[in-house]
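Spelled out from the first residue to the last, the chains are:
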There are 2 protein chains.
Amino acid sequence: MKLADLPTPCLVLDRGILQRNLDAMARAVARHDVALRPHMKTAKSIDVAKLALNTPLARAQGITVSTLAEAEYFASHGILDQLYAVGITPQKLDQVAKLNDAGAEVKIITDDADVAAAIAAHATPPRTLIEVDCGEARGGIDPESPALLDIAARLGPALAGIMTHAGHSYSGRSLADMARIAEAERLGGVRAAERLRAAGFQCDIVSMGSSPTALYANSLDGITEVRAGVYMLGDLFQAEIGTHGHDDIAVTVLTSVIGKRPAERRILVDAGGLALSKDRSTEATPHDFGFGLVLDINGHRSLGTSLVKRANQEHGVIDLDPTIDAPSFHIGDKLRIAPNHVCMTAAAHDRYFVVDGSDDVIAMWPRVNGW
Amino acid sequence: MKLADLPTPCLVLDRGILQRNLDAMARAVARHDVALRPHMKTAKSIDVAKLALNTPLARAQGITVSTLAEAEYFASHGILDQLYAVGITPQKLDQVAKLNDAGAEVKIITDDADVAAAIAAHATPPRTLIEVDCGEARGGIDPESPALLDIAARLGPALAGIMTHAGHSYSGRSLADMARIAEAERLGGVRAAERLRAAGFQCDIVSMGSSPTALYANSLDGITEVRAGVYMLGDLFQAEIGTHGHDDIAVTVLTSVIGKRPAERRILVDAGGLALSKDRSTEATPHDFGFGLVLDINGHRSLGTSLVKRANQEHGVIDLDPTIDAPSFHIGDKLRIAPNHVCMTAAAHDRYFVVDGSDDVIAMWPRVNGW
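In this text the structure is predicted, and so the values were computed from the model without any measurement. (Residues numbered from 1 in each chain as written. Chains lettered and ligands numbered in written order. Predicted model: local features only at pLDDT ≥ 70, side-chain atom pairs only at ≥ 80, totals over all residues. Heavy atoms only, no water.)

Participant: I keep staring at the pattern of salt bridges and nothing clicks. Help me out?
Facilitator: Across all of its chains, the model carries 52 salt bridges over all chains by this definition. Where Arg351 of chain B meets Asp350 of chain B, a salt bridge forms, and the shortest distance between an N and an O atom there is 2.9 Å. Accessibility expressed as a relative area gives 32% for Arg351 of chain B, which makes it partly exposed. One connected set of salt bridges, linked through shared partners, spans Asp133 of chain A together with Arg261, Glu264, Arg266 and Asp319 of chain B. (Salt bridge = Lys/Arg side-chain N within 4 Å of Asp/Glu carboxyl O. Buried < 20%, exposed > 50% of the residue type's maximum accessible area, 1.4 Å probe, protein only.)

Participant: Explain the sheet that holds strand E7 (residues 159-164) of chain A to me, please; I cannot follow it from the model alone.
Facilitator: Sheets are built from strands paired through backbone hydrogen bonds, the pairs being either parallel or antiparallel. Residues and elements named next belong to chain A. Read across the sheet, eight strands follow the order E2-E9-E8-E7-E6-E5-E4-E3 without closing on themselves; strand pairing throughout is parallel. Where the open sheet ends on each side, the last strands, each with one partner, are strand E2 (35-38) and strand E3 (63-65). The sheet shows a mean angle of 30° between the axes of neighbouring strands, direction not considered. For E3 and strand E4 (residues 81-84), the ladder comprises three bridges, and the chain directions are parallel. Directly across from Ile63, in E4, lies its bridge partner Gln82. (Pairing = 2+ DSSP bridges. Helix = DSSP H or I, 4+ residues; strand = E, 2+ residues; numbered from the N terminus. Axes fitted to C-alpha atoms, helices over the stretch in contact; angles between N-to-C directions.)

Participant: How do you make sense of the packing of aromatic side chains when you look at a structure like this?
Facilitator: The geometry of two aromatic rings is summed up by the distance between their centres and the angle between their planes. This structure, assessed with the given rule, holds four aromatic pairs over all chains. Between Tyr73 of chain A and Phe74 of chain A, the aromatic rings sit 4.9 Å apart at their centres with planes inclined by 75°, giving edge-to-face as the arrangement. Accessibility assignment for this pair places Tyr73 of chain A and Phe74 of chain A in one class, buried. In this structure, Arg280 of chain B packs its charged tip against the face of Phe291 of chain B, placed 5.6 Å from the ring centre. (Phe/Tyr/Trp six-rings, centres within 6.5 Å; stacked < 30°, edge-to-face > 60°. Lys NZ or Arg CZ within 6 Å of the ring centre and 35° of its normal.)

Participant: Looking at this structure, I do not really get the state of the cysteines. What am I missing?
Facilitator: Between two cysteines, a covalent bond joining their sulfur atoms is known as a disulfide. Residue and element names in this part refer to chain A. Under the criterion given, the structure shown has zero disulfides over all chains. Between Cys203, a free cysteine, and Cys134, which holds the nearest cysteine sulfur, the sulfur-to-sulfur gap is 15 Å. The exposure class of Cys203 is buried, given its relative accessible area of 5%. (Disulfide = S-S within 2.5 Å.)

Participant: Which parts of the structure should I look at to understand the environment of Tyr216 of chain A?
Facilitator: All names here are of chain A. Within the secondary structure layout, Tyr216 lies in helix H8 (residues 211-216). We classify Tyr216 as partly exposed; its relative accessible area is 24%. Placed 40 residues apart in sequence, Tyr216 and Ala176 show a C-alpha to C-alpha distance of 8.4 Å. Every residue in contact with Tyr216, bar those within four places of it in the chain, is listed here: Arg31, Leu175, Met178, Ala179, Gly242 and Thr243. (Contact = heavy atoms within 4.5 Å.)

In short, geometric facts, not functional conclusions.
Right under this line is the structure:
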């Protein structure tokens, strides 16, 4: 089957670019004495997870997940060593324990003393990392907080270590920014681990990571594992902030032309707000790509700066680059759209149509969406 | 089952509010001599479709759909009279024809002469409406365009009428705006129909609509049917532009508190950018609700102006109203979030948990997402 034969809109994944991205991360992580724990929140695919875990050099020993639906899916496919990296609630403990009772090793995170007590009181307490805030101001306690030792004490034997995430690395705009934020992330995790150990607690795991900081950290001393996910697929936002190049975007949305307005130098496509997402993260980067950058059916940037200017539910309105011949399009012509934020865009689609540098569709890989 | 027992995040639909919205639209349409063709792009549910079609006064004679996945789903549930209201491509004709060969009556739209010829040349041409632009500048030709008669001639016996959509009614900010845009929508459709008839073509259907214009049109003379969808469920954006009241939002996202930052008057919830969508449409309305307005578990507005300020993939960061006691929250507490744009938010979820004014879950209704 060829790309031109696919129903639109749909998600296209280039396996060659994916593998190149996996290799780049493996090389970056291999500079340090740490394991990689690939975050499957972006790809949500067992086929991608297998490639990520089998990439030479990566020392990948398990995965990170963002939902319990992912945890169940990957466990059912035999990936047992997992970290569920969103703050747990007491109500979700039974679901984790059920997976672990069946053989999985799903670890969880908390930054709350009451929850720590609930974990310890559970019949089969999952191994738990204490979430530490290294500057993002989202989840986690300050590494210097007195609560750290209180939570550790309440967790008792369930305590497995420290977890931190520099989500604010996305506000970096240079490799120097990334390296600086990576160091803050490292220091936050290591400081919390040191305090735990000084107080007599065991702290096996010190987990940090985001794609930018995993790629560009100068030192990971004291860290045992790094987590990263978006690096596998890439997107316009990550390209703009320097995580990877513009040619490293592995996922695009295949779409059909459904309308022409040559006088306004516009065309309509059947990839709208649902197929692309309403993410506008490139609004804050050097180049604002609207709701996505328009590529040709081969994934090449032959349409200049043409971008999706407006995104209604099932309609994308493309403003054509001044150099493009507006009347040359026909209804049914196929294009590909590079996404602003691939985690958001991919989540609208239940499968990838896989290519490898050509327009031959070589596989169809399912995704696990929802909760 | 109670709301408090549900896994989060998930979608909650209040059947009482839904029925009130269906009744309001039925009353509005009953002022005119037209049929209602409910647009299922928002609800994407057979259970909601049945209620919409069975609402007294509505004279509902079929549905509108926005994807061929919806067309197949609703046809499989016995709703045969459909309008697929997104410009068709020649490649999609076979899928429509297959449904129609099996007994459905899926009508399609086009604004293109080449596509009209492809429709006419198909073995079983679907009945086709010519899409006319009444001012939105998205799909459709000008009602005065010479292309109108050319497309009609090419369609031949497949020609079924005219379709227009005033999507720009969403830029209205008063009922007077809505009424004015509705009149432009009506005039566009009627003018195109008159030109067709004057040239000897038959024009059975003159279809217009959007929730604001269907509700607030002063006249629908010359129109045979109106389409509308978002009115069923409602959202913050529609409330802000005056389509309905703030108490008429039938769909909310149930979420759990997963983090506390009392010093910053913030809490974290497990409804992030995926569960809420990244839609920011209320940015352009009198009240900007961030990524959603926070309600209590009963759907009441007891948390003042608390709103989701930031939305990462699985984390929502809530800024609490100044009157709310920030330290009073516990991990696992449940809240509900009213969405900016319900079409986008609902699409991340594969089902509704249905309530009717209380916290008893009385049903689970599936949704048909994707393409």
